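# Reading the structure
Take a look at the letters that make up each chain.
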Amino acid sequence: MKNILLISATSGSNYKLAKEIESLLKTKEVNYNLIKLDDFSIPLYHPKIEKTTKSKDISEIDKLFQNAEGFIFCAPEYNGSTPPILTNVIAWISVKTSNWRGAFNGKSALICTHSGGTGNNFINSLRIQLNHLGVIVLPMTISKTDDSPLKKDSVSKILDQLISIT
């Protein structure tokens, strides 16, 4: 079975979105792990502390990324881009591990957002970053707002696409 890492950048609306996606993943033939990035204690990346920082949480999150065959990212648009917590995790994986390419290269991803607006700036900026790291990002995305509930049939079909290319 495929191994998907379902990542929520926050504990709020995007975690609720991740839980809704999780309920659909339960109906699929796939293994998955749901994590919230704010459950990990990872310092703000800075080059001066890169070599001296020893963090069990960085190692743990790297292992989760290494073992995943695909990703589902749920995060809000933050100041017109990717939330710092998500960028920070990606930065630490890319500098702190010997096989950082193995955490991303050739894997597939789905980008999801629950934002005040469409979240298009977040979707586009994360897509650029993930593509640069070698991740195959689905062209379809999942966007939710307070005024726009999740369309479970559509989401289920998008999840099927992710699973099929993973």
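Use the structure listed above.
The structure contained in this document is the topic of the report that follows. Model, not experiment: these values are computed from the prediction.

Quick look at the pairing of strand 1 (residues 2–8) now. The element strand 1 is largely enclosed, with a buried count of six among its seven residues. Bridge analysis of strand 1 against strand 2 (residues 30–36) gives seven bridges, and the strand direction is parallel. What sits directly across from N3, in strand 2, is N31. As paired strands, strand 1 and strand 3 (residues 70–74) are joined by five bridges and run parallel to one another. Bridge pairing in strand 3 links L6 to I72.

Take the nonpolar core next. Side chains that are nonpolar tend, in soluble globular proteins, to be buried together. Of all hydrophobic cores here, the largest spans 31 residues; its most connected members are I61, F65 and F73. Of all the secondary-structure elements, those providing two or more residues to this core are strand 1, helix 3 (56–67), strand 3, helix 4 (84–96), strand 4 (108–114) and helix 5 (120–132). Setting aside residues up to four positions removed in sequence, F73 forms contacts with I7, F65, L86, A109, L110, I111, C112, L126 and L130. Counting 20 residues, the second largest nonpolar core, distinct from the first, contains L24, V30, L110 and I158.

Right, let's get into the environment of K152. Residue placement: K152 occurs in helix 6 (residues 152–165). Residue classification places K152 among the partly exposed residues on the basis of a relative accessible area of 43%. With 128 residues separating them along the chain, K152 and L24 place their C-alpha atoms 7.8 Å apart. When near neighbours in sequence (up to four residues on either side) are disregarded, K152 contacts E20, S23 and L24.

What counts and what doesn't
Residues numbered from 1 in each chain as written. Predicted model: local features only at pLDDT ≥ 70, side-chain atom pairs only at ≥ 80, totals over all residues. Heavy atoms only, no water. Buried < 20%, exposed > 50% of the residue type's maximum accessible area, 1.4 Å probe, protein only. Helix = DSSP H or I, 4+ residues; strand = E, 2+ residues; numbered from the N terminus. Pairing = 2+ DSSP bridges. Core = buried A, V, L, I, M, F, W, Y, C linked by side-chain atoms within 4.5 Å. Contact = heavy atoms within 4.5 Å.

Geometry only, nothing functional implied.
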